[in-house]
Amino acid sequence: MGLVRSRAAALLGGVALAIVAQQGAVAQNVNATNITLLERLVIGAGAPKVAINTPQAVTVLNQADIDQAQASTMGDLFANVPGVAIVGSQRQFGEAFNIRGIGTTENSSDGSRIIINVDGAPKFNEQYRMGSFFSDPELYKQVEVLRGPASSTLYGSGALGGVINFTTKDAADFIQDGDTGALRVKASYDSNGAGTLTSAVLAQQVNETFEILAAGNWRRRNDIELAKGTPLSGSAFNTLSGLVKGTAHFGDNNEQELSLSYQRWFSDAKDQAYAQTGTSASFGVTDRTVIDETAVLHWENPATDNPWVDLKVNLSYSNTTNDQTNHRATVGGPRTVIGTVLPGVGAVTADNILLDTRYGYKTWQLTADNTVEWIGEGFENYLTAGFQASTQDRSVTRPGTALALPAHPQGTENKFGVFAQNEFIWAEKLTLIAGARGDFHWVNATTGASNIEGSAFSPKVSAHYEVTDNIGVFASLAHTERMPTIDELYSVAAASPGRSAAKSTSLGLQKESANTIEGGFSLSGNDLLMGGDTAAIKTTAFYSDLTNLIASNTASAPGGVVVPYYGNIGKARIYGVEVEASYDSELLFASLAYGLTIGDDLVTNTPLTTVAQSKAALTVGIRNVEYDFDIGARLTLADKGRHVLQIVQGQNVGDGTAEAFATVDLFATWKPDTGPLAGTEIQAGIDNLFNADYRQNLSADRSTGRTFKISVAKQFGW
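Residues numbered from 1 in each chain as written. Predicted model: local features only at pLDDT ≥ 70, side-chain atom pairs only at ≥ 80, totals over all residues. Heavy atoms only, no water.

Moving on, we come to the overall build of the chain. The helix and strand inventory of the chain stands at 4 helices and 40 strands. A buried classification covers 53% of the 718 residues belonging to the chain. Taking all contacts inside the chain whose residues are at least 6 apart in sequence as the whole, residues at least 24 apart take part in 67%. When the accessible surface of the chain is split by element, carbon and sulfur atoms take 59% of a total near 28400 Å². (Helix = DSSP H or I, 4+ residues; strand = E, 2+ residues; numbered from the N terminus. Buried < 20%, exposed > 50% of the residue type's maximum accessible area, 1.4 Å probe, protein only. Contact = heavy atoms within 4.5 Å. Areas by Shrake-Rupley, 256 points an atom, 1.4 Å probe, with all protein chains shown as cover.)

What follows covers the nonpolar core. Counting 29 residues, the largest nonpolar core has Leu77, Phe78, Phe97, Phe133, Val143, Ile164 and Phe166 as its most contacted members. Within the residue set of this core, elements represented by two or more residues are strand S5 (95-99), strand S6 (114-118), strand S8 (140-147), strand S9 (162-168), strand S11 (195-207) and strand S12 (210-221). Beyond its immediate sequence surroundings of up to four residues, isoleucine 164 is in contact with Phe78, Phe97, Ile99, Ile114, Ile115, Ile116, Asn117, Val143 and Glu144. In terms of nonpolar packing, the next biggest core, distinct from the first, is built from 11 residues, Ala51, Ile115, Leu146 and Ala159 among them. (Core = buried A, V, L, I, M, F, W, Y, C linked by side-chain atoms within 4.5 Å.)

This part covers the pairing of strand S4 (residues 84-88). When a strand is regular, its side chains alternate between the sheet's two faces. For S4, the buried fraction is high: 4 of the 5 residues fall into the buried class. In this sheet, S5 lies alongside S4 in antiparallel orientation, the contact comprising 5 bridges. Looking at S5, one finds that valine 87 is bridged to alanine 96. Hairpin geometry of S4 and S5 is characterised by an intervening segment of 6 residues between the two adjacent antiparallel strands. (Pairing = 2+ DSSP bridges.)

Moving on, we come to the side chain of aspartate 190. With respect to the element layout, aspartate 190 can be found in strand S10 (residues 181-190). One buried charge, aspartate 190, has no salt-bridge partner; the nearest side chain with opposite charge is arginine 219, at 5.9 Å. With sequence-adjacent residues up to four places away left out, aspartate 190 is seen in contact with Ser72, Gly195, Thr707, Phe708 and Lys709. (Lys, Arg positive; Asp, Glu negative; His and termini not counted. Salt bridge = Lys/Arg side-chain N within 4 Å of Asp/Glu carboxyl O.)

Bringing the confidence of the model for the chain into the picture now. Averaged over all residues, the pLDDT of the chain equals 85, while 87% of them reach at least 70. Segment residues 647-656 is flagged for pLDDT under 50; beyond a separation of four residues in sequence, or across chains, it makes 31 contacts in the model. (pLDDT = per-residue confidence, 0-100.)

Here the focus is the pairing of S8. Counting buried positions along S8 gives 7 out of 8 residues, so the element sits mostly inside the fold. Pairing of strand S3 (residues 58-61) with S8, which is carried by 4 bridges, proceeds in the antiparallel orientation. Across the sheet, the residue bridging to valine 60 is glutamate 144, located in S8.

Along the chain, the position of aspartate 287 falls in strand S15 (residues 285-301). Overall, the relative accessible area of 9% leaves aspartate 287 in the buried class. At a separation of 3.2 Å, a polar atom in the side chain of aspartate 287 contacts the side chain of asparagine 326. Once you skip the residues sitting within four places of it in the chain, aspartate 287 turns out to touch Ala269, Lys270, Asp271, Asp323, Gln324, Thr325, Asn326 and Arg328. (Polar contact = N/O pair within 3.5 Å; in protein donor to acceptor, adjacent residues only side chain to side chain.)

This is the structure we're talking about:
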């Protein structure tokens, strides 16, 4: 940890001194040519904001970031986001998110402690040894990561870790001025696993007020090779994904917008490791067909001439199904039948998780909010109020049997939330934001167990003050509460001799809660090293007190004892610091992402097992504006961490111990905008240049080996 801290501190100190030295010379980025990472617009209520002026830790990834990453899975997008780790493995079905030590593979997506939205549609999947989110990076143009529970006010109670918002592509992103249509085709290849991507986007401006987009992706890969030279079994995949989106404008000045989109992700994968979240051969292999669908109807009326109306309405549908069939102890082995005894698992019974099963999550949600604007002499005020109503069905079906699956209970959760947030801006310097949200849920299990009702309250207050045009300070205080999920309330399990007791429903669970304080500062400036350049740095420190965290009961099995499947474990604390810095000019660019999180279980006085190791990622590069060419390198340094994952559900899933590591990645981009190759984009890169062999402390599998990547895209317009 000392190595990462000292190098990060030295770099940050240099950046800060350079910016402060110039801060009096030029107003903040008013005349700057280049836009840094911290100057990207953040989606939210109230006055428009960029990341550096938001009183919360937020990172916005744009289309250029997504293209440069050449990501094979969704988790590859987050390598440079401080405070965010991908929990699980490099398998496409095994990734889950972790933000500031919140998020495990025990509860995929960690039981809604992290809220994931696609165009406002909530995405949720919770299944034993499976990941939480299934999609393709090519479908999106922006990813926004809001860290910490302050996001609960607008997005839903229980966001202890934060919120991740994915925004899909639009036809307008591709149609150039003077054109009415565009076709973009893309092909990619990466050497590790012989991965390929074939992609096409068709965008058409049908008339002055209506446009439509259709996109399709086919992605394939064989098993990847780890840095130590061994293949990662079950990491191969073959996926198809697509997006259709139509957008219409109407009303005064055509400012009202109505859009309808549908996206679908499909994977038919054979011989997949049952334990997708990490190596555990005792669970054998299975075939999986996973389909993820999202449909969104969105209406927006900014009513620019009416300060009382700025209305947004979002109706969404999400459906995720996982057909699990043909389980075998080994690849090519006989199909598992009732009575089979598997090492580390035991006898297969009629209600066993290994049998043919279709798992499903289906969610409908309606969200509406309106912002009232009041602007006077020297001040602005924006009051946003709205509601969110949803119903989610968790299902399990089994061919030829009516038997339920106790470890994956079926049920319905209905939610209703109301929220209000007021933003006051004085003299364009001081911003005060106060908000509160109340959520209510009604949970019904199809097993006949008692229905559960509950409520949660999420207030917050935050402030941002611009000391000068180049220096800002901010602070926030937030409280949020998370209500138990269907899985946590109604799961049951038989005793496992010598390992765990029989487990009953957990109807007495208390809701989790978190009290979090954040604070920090930002520095920015331009014309530092050359004309038109910009630099910025934002540092956030945070501290959270967590109460009644819900965790699986690991009690031993004395004869006849029955314990609740889940329980509350009392108190914990999580604290740390996150830093983002960036520099951009016509010749040079650089960025730094650093995250340090420390977590303690205050009941056992031991480190929390869900906290990722501290990590710093430094990216530097040069560009040639004349030839539209960028080249750069990324250095990642990570500490060992206070806790090393080795045991999950009684299984030794680790391969050695986690350790500190350093990796180097290279990348290059060429986007000529004139001549015969205009509209062409070429991306190339080498991940893990020196083939570093390591294991991150929240991963069961070791690092992916050296990988060469290249992608070529070409756009045509008419």
